[in-house]
Amino acid sequence: MTKKKKLKIAFFHCAFVYSGGGERIALEGVLGLRKRGYKVDLYAPAIDWENCYPDLLKSTKPKLIFPQLPKFFPLRHAFGMGISSIFAPLLFYKFKKYDFFIGENQPGVWFAWVYSRIFKKPYVI
């Protein structure tokens, strides 16, 4: 009997900049998938490590899609979401190792769709 290979999943969320319900669902979803043995990496265009469930961020270790501007820039989170969305197709090389894409909340849905089209791999939103 052969052992089935577990999927490598890229999970995209819109941003982790405050402690809201959508953010918690994404973070808990990643932890749940990992508990079931999947390799899941979490990505977002903006992350505020102090204001959005710091304990959950520490355990899920989300990664930025595109480098984030320093804190003193006004609207830096909105800028991060916009610039990441525009350049998403050009950042494809970062995501070729994944078998499956999950997108939650725009622009997370956009990222999952773009990379699923580029690599011809499944996605869910």
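Scroll up to find the structure this text is about.
Residues numbered from 1 in each chain as written. Predicted model: local features only at pLDDT ≥ 70, side-chain atom pairs only at ≥ 80, totals over all residues. Heavy atoms only, no water.

A. Molecular detail of the sheet that holds strand E1 (residues 8-13). A sheet is described by the order of its strands in space; here 5 strands give the open sequence E3-E2-E1-E4-E5, paired in parallel fashion. For this open sheet the edge positions go to strand E3 (63-64) and strand E5 (123-124), each flanked by a neighbour on one side alone. Packing of helix H4 (residues 108-119) onto the sheet brings it into contact with E1, strand E4 (100-104) and E5, and relative to E4 it is tilted by some 160 degrees. (Pairing = 2+ DSSP bridges. Helix = DSSP H or I, 4+ residues; strand = E, 2+ residues; numbered from the N terminus. Contact = heavy atoms within 4.5 Å. Axes fitted to C-alpha atoms, helices over the stretch in contact; angles between N-to-C directions.)

B. Up close: helix H1 (residues 21-35). A rise of 1.5 Å per residue sets the reference length of H1, with its 15 residues, at 21 Å; its end C-alpha atoms lie 21 Å apart and thus fit the reference within 8%. Of all the positions in H1, only Glu23, Ala26, Leu27, Val30 and Gly32 are classed as buried. Where H1 is buried, its residues touch E1, strand E2 (39-44), helix H2 (54-60) and E4. Two residues or fewer after H1 comes Gly37, characterised by a positive phi angle close to 100 degrees. (Expected span 1.5 Å × (residues − 1). Buried < 20%, exposed > 50% of the residue type's maximum accessible area, 1.4 Å probe, protein only.)

C. Here's a closer look at the environment of Glu23. Turning to its location among the elements, Glu23 is positioned in helix H1. On the basis of relative accessibility, which here comes to 4%, the residue Glu23 falls in the buried class. In this view, Glu23 contacts His13, Ala15, Phe16, Tyr18, Cys52 and Tyr53; residues no more than four positions away in its chain are not counted.

D. Spatial organisation of the environment of Pro89. If you trace the backbone, Pro89 turns up in the loop between helix H3 (76-87) and E4. The exposure class of Pro89 is partly exposed, given its relative accessible area of 34%. Those residues in contact with Pro89 that sit more than four places away from it in its chain are Val114 and Ile118.

E. Geometry of a nonpolar patch on the surface. A cluster of nonpolar side chains, Ile86, Phe87 and Leu90, forms an exposed patch at the surface whose accessible area comes to about 310 Å². Inspection of the secondary structure puts Ile86 in helix H3. (Patch = residues over 30% accessible without salt bridge, like charges linked within 9 Å, V, L, I, M, F, W, Y side chains within 5 Å. Areas by Shrake-Rupley, 256 points an atom, 1.4 Å probe, with all protein chains shown as cover. Salt bridge = Lys/Arg side-chain N within 4 Å of Asp/Glu carboxyl O.)

F. Layout of the pairing of E1. Of all 6 residues making up E1, 5 are buried, and the element is well covered by its neighbours. Judged from the 5 bridges that link them, E1 and E2 form a sheet pairing that is parallel. Looking at E2, one finds that Ile9 is bridged to Val40. With H1 bridging E1 and its parallel neighbour E2, the resulting β-α-β unit is right-handed. Pairing of E1 with E4 involves 5 bridges; the strand directions are parallel. Bridge assignment links His13 to a residue of E4, and that residue is Glu104. (Right-handed = clockwise from strand over helix to strand, strands pointing away.)

G. Region of interest: the state of the cysteines. In this structure the tally under the stated criterion is 0 disulfides. The thiol of Cys14 is not disulfide-bonded; the next cysteine sulfur, from Cys52, is found 9.3 Å away. Judged by its relative accessible area of 13%, Cys14 falls in the buried class. (Disulfide = S-S within 2.5 Å.)

H. Local environment of the pairing of E4. The element E4 is largely enclosed, with a buried count of 5 among its 5 residues. Here E4 shows a buried face lined by Phe100, Ile102 and Glu104 and a second buried face lined by Phe101 and Gly103. A crossover links E4 with its parallel partner E5, the connecting element being H4, and its sense is right-handed.

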